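The lines below spell out each chain.
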Amino acid sequence: MKKNVVKILTIVCLVAAMTACVFVFTACDTSVAVKNFESGFAIKPDAFAETTRFYIDDSVLKIMDIPSLFVKAIEEIAIDMDKTYFEFRPDGTMHMQLTTKDGVFGQIQGLLEDNNIDISAALTSFDIKGSVNGYVEPMFPGFAAKLSQADLKGALELIHHSLGFNLTGLDYEDAGVKEVLAYVAENMALPADLLSKIPADTVLQLTFDQTYGIRKLKGADGKEYTAIYIGALKDNDKTAPFGVFTLTEDGGVKKAMLRIEFMNITIGVKTK
């Protein structure tokens, strides 16, 4: 019973935890340096010589104060780790994707019912209006209007067009999904039966497509370091890139790390 409750809670926390992990690309941390990375890995100063794919490094991944075992449980239960990666290409573009496992939403509903757990209060108390008006609408004008029209697809497209983030896999023609969006549009809140309305076989994929550049940095100690700058603004000295990964190499395995101090989040990735 106890193990099932833990599994339920980890899955329910999936979107909040893993999405937060990805969206911190909008923050910047140019103070992090990289040590001991071998040169000669690029055909030009700012790109990998060949397509290079990095996968999540659990030994580094840290999401706020969530215990590592809890984060690992989320991965094992809900994330398809083979379809979750960061890919950097020779043409200076990158692609990130995070994919849920097949049938994870059906598992959530089943576990809740089997253990007589009611999370309706938690769902209905989520402040969509406050979150959208306070954080999302100022960055993406028109998002609130789209949401009030039950047009989640259109609302997400504003973010996709602006930053390169996109969420796919939700069937907007499904009757249950339409009910949920209509409820959100009218009440700016989540319905108590949200999970039962999402088709059990839904597989969600969060993607991020942007440009990147590999840069040499000189630290306060006078040494030269290497980093991956994310975002089209990487060469504008009056702005900062969306995010900065630091690079290392150990035994032929390339590693990259993004540290966001104010959110206490560390994303570690490595090649296989």
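Keep in mind it's a predicted model, so treat the numbers as computed, not measured.

When you line up the elements, S59 lands in the loop between β1 (52-56) and β2 (62-63). A C-alpha to C-alpha distance of 9.3 Å links S59 and V269, two positions 210 residues apart in sequence. Among the polar contacts made by the side chain of S59, one reaches the side chain of D57 at a distance of 2.6 Å.

Moving on: the confidence of the model for the chain. On average, the chain scores 80 in pLDDT, and the residues at 70 or more come to 78%. Counted against residues more than four places away or in other chains, residues 14-44, with its pLDDT under 50, gives 91 contacts.

A few words on the pattern of salt bridges. If you walk through the whole model with that rule in mind, you get ten salt bridges. A salt bridge links E179 to K197; the shortest N-O distance between them is 2.8 Å. Taken together, the residues span a long stretch of sequence, with E179 in helix α9 (residues 175-187) and K197 in helix α10 (residues 194-197) at a distance of 18 residues. D193 is the salt-bridge partner of K197, the closest N and O atoms lying 3.8 Å from each other. On the accessibility criterion, K197 (23% relative accessible area) is partly exposed. Its relative accessible area of 35% is what places D193 among the partly exposed residues. By sharing partners, the salt bridges in this structure join R53, E87 and R89 into a single network.

One finds F86, F88, Y212 and I228 to be the most contacted residues of the largest nonpolar core, which totals 52 residues. Here the element with the most residues in this core is helix α8 (residues 152-163); it accounts for five residues.

Bridging between strand β8 (residues 243-250) and strand β9 (residues 253-260) involves five bridges; their strand directions are antiparallel. Bridge pairing in β9 links L247 to A256. The antiparallel hairpin formed by β8 and β9 contains two residues in its connecting segment, where G251 sits at a positive phi of about 60°. With six bridges connecting them, β9 and strand β10 (residues 265-270) associate as antiparallel partners. Of the residues in β10, the one forming a bridge with A256 is V269.

Turning our attention to the packing of aromatic side chains. In this structure the tally under the stated criterion is eight aromatic pairs. Plain terms: the ring middles of F48 and Y212 are 6.1 Å apart, the flat faces sit at 35° to each other, and that makes the pair tilted. Taken as a pair, F48 in the loop between α2 (14-23) and β1 and Y212 in strand β6 (residues 205-218) lie far apart in primary sequence, 164 residues in all. Between F54 and F88 the ring centres are 5.7 Å apart and the planes differ by 85°, which places this aromatic pair in the edge-to-face class. Taken together, the residues span a long stretch of sequence, with F54 in strand β1 and F88 in strand β3 (residues 85-88) at a distance of 34 residues. For the pair shown, F54 and F88 are each scored as buried.

About the criteria used
Along every chain, residues carry numbers that run from 1 in the direction the sequence is written. The predicted origin of the model limits local features to residues at a pLDDT of at least 70 and limits the giving and counting of side-chain atom pairs to 80 or more, whereas totals for whole chains, interfaces and linings rest on all residues. Values reported for side chains reflect all heavy atoms of the structure, with hydrogen atoms and water molecules removed beforehand. Runs of E in the DSSP output that reach at least two residues are strands. Runs of H or I that reach at least four are helices, and both are numbered from the N terminus. What qualifies as a polar contact is a pair of N or O atoms within 3.5 Å, subject to a donor-acceptor requirement within protein and to the restriction that residues adjacent in sequence count only when both atoms come from side chains. Every residue carries a pLDDT, the predictor's confidence in it, which falls somewhere between 0 and 100. Throughout, a contact is declared for two residues whenever any of their heavy atoms are within 4.5 Å. Any carboxyl oxygen of Asp or Glu that lies within 4 Å of a side-chain nitrogen of Lys or Arg is treated as forming a salt bridge with it. Exposed residues in this analysis have more than 50% of their type's maximum accessible area, buried residues have under 20%, and partly exposed residues fall in between, with area computed by a 1.4 Å probe over protein chains only. Definition of nonpolar core: a set of buried residues of the types Ala, Val, Leu, Ile, Met, Phe, Trp, Tyr and Cys, connected through side-chain atoms within 4.5 Å. Between any two strands, pairing holds if DSSP finds at least two bridges. Under the pairing criterion, centres of Phe, Tyr and Trp rings, with the six-membered ring standing for Trp, must be within 6.5 Å; the plane angle then separates stacked pairs below 30 degrees from edge-to-face pairs above 60, leaving the rest tilted.

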